[in-house]
Protein chains: 2
Amino acid sequence: MNNHSSKLKTQSKRGSPAPLVGRDSGKRDRILEAAVKVFAREGFYNAKVSQIADAAGVADGTIYLYFKSKDDLLISLFEDRMERINARMRDAITSETTAIGKLERLVHTHLDFVQSNRPMAEVFTVELRQSAKFIKEYANPKFGDFLRIFAGVIAEGQASGELANDLDPPLVARALFGAVDEIALAYLVGGTRKPHNDLAQAAKQISKLFIEGLRTDRRRTP
Amino acid sequence: MNNHSSKLKTQSKRGSPAPLVGRDSGKRDRILEAAVKVFAREGFYNAKVSQIADAAGVADGTIYLYFKSKDDLLISLFEDRMERINARMRDAITSETTAIGKLERLVHTHLDFVQSNRPMAEVFTVELRQSAKFIKEYANPKFGDFLRIFAGVIAEGQASGELANDLDPPLVARALFGAVDEIALAYLVGGTRKPHNDLAQAAKQISKLFIEGLRTDRRRTP
DNA sequence: CGCCACTGAATGAACAATCATTCATCCAAG
DNA sequence: CTTGGATGAATGATTGTTCATTCAGTGGCG
């Protein structure tokens, strides 16, 4: 197989080439950062490996010292960044004691991330779906973790009686993620128009919507 | 510009080639149907024009008699099918009198469509995002209409006092769409596992969640 | 009626780029 | 001197698009 592979199927030999801790460590990170920028701007399929190499300040071939293929580069990007996001999410809810408080935090944190990390958010929002469909082999466990954080909070809330227990936590988790993700997409694509533009405002509304939909105590907060 | 264009940028000369009502009409439709199948299976970028031609039973060149480019084919597909979906959605809510009833119908109808029209649903769920990002020029008005159906119902419900009016209808519309879309994605990708698999069940839960989150009368229905 | 020129839809082989990937070579550090 | 990370020009498979050619259907004409 030569060029134009990119069937986004998981590469056969698992794992990227050896970590390569040689000369200039940190080169792998530079490449990942460059990839974020280029993927965000061009989209995965339109992004050229040479563009990424340029942006990273390395030679084309160097990328293949750290990543098995263009596909592997994308996958590695997901793994790496998703891990950070999950950490941030878990971190955000430690201070909260109620499930409702945690849900609010999750939504706000997610949209904060979108706002403060636009390029990465674009990659996630747009390319993650492709991966979901094409990297079948690639289970994308990190994204599963992400959803599980949401589902966990909901399940806790149900257990404590704070939330009604007639809804399936994993399903609600997906729905909530989908809602927030779609808002993020509108924000990222739409540029600077509409009130949707105000992500903080949007976060408030989405939180309220879901919390009102979930809580047992049915008194709308002012 | 020769090959590998596909920047998904709107084609310069607007509109596909002349309708071509000549010899075999219906050929355009055959091509569109073939495109759905192939795009669903391979994804837009991995789909070869020749595969579509094969599936449609026409020659490669024939496709360019009906569509300006591969990109144009995808756009045309969106336009064409989205129109049908919108019609179906509008149709589904005519019989309902309450906003709440309409919302339920919309969610169920959407997920019905996913279940009964898998290939097209895959294309929409996965490729529509790309288009949102890359076909900037292409406003995708039909998708706007789709969202407006949801927003309209919510606004009506607010006006009639049926729904609380502290949430922005377009925002909620997006959120609801996002939630349903994500459920659809999980269903389409996940194959046959989990309770999520039961889309009818999922539709019920999502409806309930949003309706409870929106209604003014805050008494949870059994 | 039969024939022929004409139209334009359809074809598909050929074209022209494009790009992911490779690898012979270089060179800095140990 | 040796090692192995880095380079980037070269490769060659791939594929969107074109266009010269084919040919079925049409209608004018004798």
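Refer to the structure printed above.
The sections below set out a description of the structure shown in this document. None of the values given here were measured: they were computed from a predicted structure.

Observations concerning the overall build of chain A
Okay, step 1: A tally of regular secondary structure across chain A gives nine helices and zero strands.
Okay, step 2: The helix and strand sequence of chain A, counted from the amino end, reads α-α-α-α-α-α-α-α-α.
Okay, step 3: Of all 222 residues assigned to chain A, the portion counted as buried reaches 57%.
Okay, step 4: Long-range pairs, those at least 24 residues apart, make up 72% of the contacts in chain A between residues at least 6 apart in sequence.
Okay, step 5: Put simply, chain A shows about 9800 Å² of open surface, and 50% of that area lies on carbon and sulfur atoms.

Remarks on the pattern of salt bridges
Okay, step 1: Applying the stated criterion across every chain, the model contains 26 salt bridges over all chains.
Okay, step 2: Where arginine 41 of chain A meets glutamate 42 of chain A, a salt bridge forms, and the shortest distance between an N and an O atom there is 3.1 Å.
Okay, step 3: Judged by its relative accessible area of 51%, arginine 41 of chain A falls in the exposed class.
Okay, step 4: On the basis of relative accessibility, which here comes to 10%, the residue glutamate 42 of chain A falls in the buried class.
Okay, step 5: With its nearest N and O atoms 3.2 Å apart, the salt bridge here joins glutamate 156 of chain A to lysine 102 of chain A. Highlighted residues: glutamate 156 of chain A in helix 7 (residues 141-159) and lysine 102 of chain A in helix 5 (residues 99-116), separated in sequence by 54 residues.
Okay, step 6: Classification of lysine 102 of chain A as buried rests on a relative accessible area of 12%.
Okay, step 7: The network of salt bridges with common partners includes Arg129 and Arg174 of chain A together with Asp181 and Glu182 of chain B.

As for helix 8 (residues 169-190) of chain A
Okay, step 1: Under the 1.5 Å per step criterion, the end-to-end length of helix 8 of chain A is 31 Å for 22 residues, consistent within 8% with the ideal 32 Å.
Okay, step 2: Counted residue by residue, helix 8 of chain A has 20 buried out of 22 residues, so it is predominantly covered.

Remarks on the side chain of lysine 142 of chain A
Okay, step 1: Within the secondary structure, lysine 142 of chain A is located in helix 7.
Okay, step 2: Excluding residues that lie within four positions of it along the chain, lysine 142 of chain A makes contacts with Glu79, Met82, Glu83 and Asn86 of chain A.

Some points on the nonpolar core
Okay, step 1: Judged by nonpolar contacts, the single largest core of 144 residues is most densely connected at Phe39 of chain A together with Phe39 of chain B.
Okay, step 2: The contact partners of phenylalanine 39 of chain B, leaving out residues within four places of it in the chain, are Phe44, Ala47, Ile52, Lys70, Leu73, Leu74, Leu77, Val123 and Glu127 of chain B.

What about the packing of helix 5 (residues 99-116) of chain B against helix 8 (residues 169-190) of chain B?
For any two helices packed against each other, one specifies the crossing angle of their axes together with the interaxial distance.
All names here are of chain B.
Okay, step 1: At a closest axis distance of 10 Å, the pairing of helix 5 and helix 8 adopts a crossing angle of 30 degrees. As judged from the angle between their axes, helix 5 and helix 8 are roughly parallel. Between helix 5 and helix 8 the crossing geometry is right-handed. Taking contact as the criterion, the partners of Leu103, Val107, His110, Leu111, Val114 and Gln115 in helix 5 are, on helix 8, Leu176, Phe177, Val180, Ala184, Tyr187 and Leu188.
Okay, step 2: Taken together, the residues of the contact of helix 5 with helix 8 sort by class into ten nonpolar, two polar and no charged.

A short note on empty space enclosed by the protein
Residues and elements named next belong to chain B.
Okay, step 1: This model, assessed by the stated rule, comprises three cavities of 30 Å³ or more.
Okay, step 2: Estimates place the volume of the largest cavity at around 150 Å³.
Okay, step 3: The wall of the largest cavity is formed by 14 residues, among which Ile85, His110, Phe124, Phe146 and Phe177 lie closest to the centre.
Okay, step 4: Taken together, the elements giving at least two residues each to the lining of the largest cavity come down to helix 4 (70-94), helix 5, helix 6 (118-134), helix 7 (141-159) and helix 8.
Okay, step 5: For the lining of the largest cavity, the element with the highest residue contribution is helix 6, accounting for four residues.
Okay, step 6: Broken down by class, the residue content of the lining of the largest cavity amounts to eleven nonpolar, two polar and one charged.

Quick notes on helix 1 (residues 27-42) of chain B
Residues and elements named next belong to chain B.
Okay, step 1: The end-to-end C-alpha separation of helix 1 is 22 Å, in line with the 22 Å expected for 16 residues at 1.5 Å each.
Okay, step 2: Of the positions making up helix 1, those classed as buried are Ile31, Leu32, Ala34, Ala35, Val36, Val38, Phe39, Ala40 and Glu42.
Okay, step 3: Backbone geometry just downstream of helix 1 places glycine 43 in the positive-phi region, at approximately 85 degrees.

What counts as what
Residues numbered from 1 in each chain as written. Chains lettered and ligands numbered in written order. Predicted model: local features only at pLDDT ≥ 70, side-chain atom pairs only at ≥ 80, totals over all residues. Heavy atoms only, no water. Helix = DSSP H or I, 4+ residues; strand = E, 2+ residues; numbered from the N terminus. Buried < 20%, exposed > 50% of the residue type's maximum accessible area, 1.4 Å probe, protein only. Contact = heavy atoms within 4.5 Å. Areas by Shrake-Rupley, 256 points an atom, 1.4 Å probe, with all protein chains shown as cover. Salt bridge = Lys/Arg side-chain N within 4 Å of Asp/Glu carboxyl O. Expected span 1.5 Å × (residues − 1). Core = buried A, V, L, I, M, F, W, Y, C linked by side-chain atoms within 4.5 Å. Axes fitted to C-alpha atoms, helices over the stretch in contact; angles between N-to-C directions. Parallel < 35°, antiparallel > 145°, perpendicular 65-115°, else oblique. Left-handed = near helix turned anticlockwise from the far one by under 90°. Nonpolar A, V, L, I, M, F, W, Y, C, P; charged D, E, K, R; others polar. 1 Å grid on protein atoms, 1.4 Å probe; cavity = no way out; pocket = protein on both sides within 12 Å on 5 of 7 lines; lining within 4 Å. Points joined across faces, edges and corners; volume = space filled by probe spheres on them.

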